[in-house]
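For reference, the chains in residue letters:
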There are 2 protein chains.
Amino acid sequence: MDQTVDTLPAMPGQRLARGVCRALRGMDFVTVEELVPAPGLRVDVMALGPRGEVWVVECKSGRADYRSDRKWQHYLDWCDRFFWAVDAEFPVELLPAETGLILADPYDAEVLRMGPETPLAPARRKVMVQKFARHAATRLQALRDPAAFGSGAGWV
Amino acid sequence: MDQTVDTLPAMPGQRLARGVCRALRGMDFVTVEELVPAPGLRVDVMALGPRGEVWVVECKSGRADYRSDRKWQHYLDWCDRFFWAVDAEFPVELLPAETGLILADPYDAEVLRMGPETPLAPARRKVMVQKFARHAATRLQALRDPAAFGSGAGWV
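In this report, we go over the structure that sits alongside the text. (Residues numbered from 1 in each chain as written. Chains lettered and ligands numbered in written order. Predicted model: local features only at pLDDT ≥ 70, side-chain atom pairs only at ≥ 80, totals over all residues. Heavy atoms only, no water.)

Overview of the interface of chain A and chain B
By a widely used convention, the size of an interface equals the accessible area lost when the partners come together. The partner chain B presents 40 residues to the 41 residues of chain A that form the contact. For the pair chain A and chain B, the two sides together bury roughly 3,400 Å², of which 59% comes from carbon and sulfur. Ranking the residues of chain A by area buried against chain B places Arg25(A), Arg134(A) and Leu143(A) at the top, with a combined share of 20%. Joining chain A to chain B, the criterion identifies eight salt bridges. Residue Asp28(B) pairs with Arg134(A) through a salt bridge whose shortest N-O separation is 2.6 Å. Within the residue set of the side of chain A that touches chain B, elements represented by two or more residues are helix H1 (12–26), strand E1 (30–35) and helix H4 (122–144) of chain A. (Contact = heavy atoms within 4.5 Å. Buried area = accessible area lost by both parts, 1.4 Å probe. Salt bridge = Lys/Arg side-chain N within 4 Å of Asp/Glu carboxyl O. Helix = DSSP H or I, 4+ residues; strand = E, 2+ residues; numbered from the N terminus.)

Rendered as structure tokens:
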């Protein structure tokens, strides 16, 4: 497997997510993309911090992408802090003041405003860390050993 | 990234580990390889079950490989169940009776004997699930975005 090619992700939101994940790694947070915390919900980036902190980052490529999001408030129930990640062109005045804000590009990102902390209950945190672990390990196995995943095999 | 090539891992133990991980996936366990539970220890396979079970599987390619293992008893402190994974040629009478046994090849595996259950204390289970999550997510990011990892970057 060629690990040296640096290809940009196809979608604008995925490119922001890549920069976000790189920056979070520098903050000692590990990350996964497109985790499903509950049926019908799918977060762009879920991050797990060194003390078990759970952050959600939604990546918005522009005004229309943000305006069409009907679900973001549901994500608040599944994390300790919630952030938007946008590029330098995004009209940040659209975003609710009580959310976190990350300025991102495909190569890096910077936290401009921390989201307020609303700590998960211990039982839910335990569930989320397990979901995170299962998500990450399943996708890792799929990359390391694709033959383990038949065409009909679903994700966890 | 080419996800269709099915190349055998280089080392005999890694080939057994691949079959073990495939079989565990069929039991709804997710897996990582070469996790470090504590300094100086490195398990071949750590598996996380649907109810948060933590299993360790040590893969032994032959008698010499098993005889040279001085650390396996330390792994018992970091899991709910411990297993050996060996191939059909392995002299299984060498293995302690009070451990689990998995018959494996590079393509699949079968649990022949469950290891006795010695449940982790809740605080240690929490630590292990977080370690598992961090290990899996870091390696997943390294495969998805190798450029995020400079030459000097260490694993978590």
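Examining the sheet that holds strand E3 (residues 54–60) of chain B
Spatially, the six strands line up as an open sheet ordered E1-E2-E3-E4-E5-E6 (chain B), and their pairing is mixed. Of all the strands in the sheet, just strand E1 (30–35) and strand E6 (109–113) of chain B have a single pairing partner and so form its edges. Strand-to-strand twist across the sheet, computed as the mean angle between neighbouring axes with direction ignored, equals 30°. Across four bridges, the pairing between strand E2 (residues 43–48) of chain B and E3(B) is antiparallel. Paired with Ala47(B) across the two strands is Trp55(B), which belongs to E3(B). Of the strands in this sheet, E1 and E2 of chain B are in contact with H4(A), which crosses E1(B) at around 75°. Docked against the sheet, helix H4 (residues 122–144) of chain B engages E1, E2 and E3 of chain B, running at close to 85° with respect to E1(B). (Pairing = 2+ DSSP bridges. Axes fitted to C-alpha atoms, helices over the stretch in contact; angles between N-to-C directions.)

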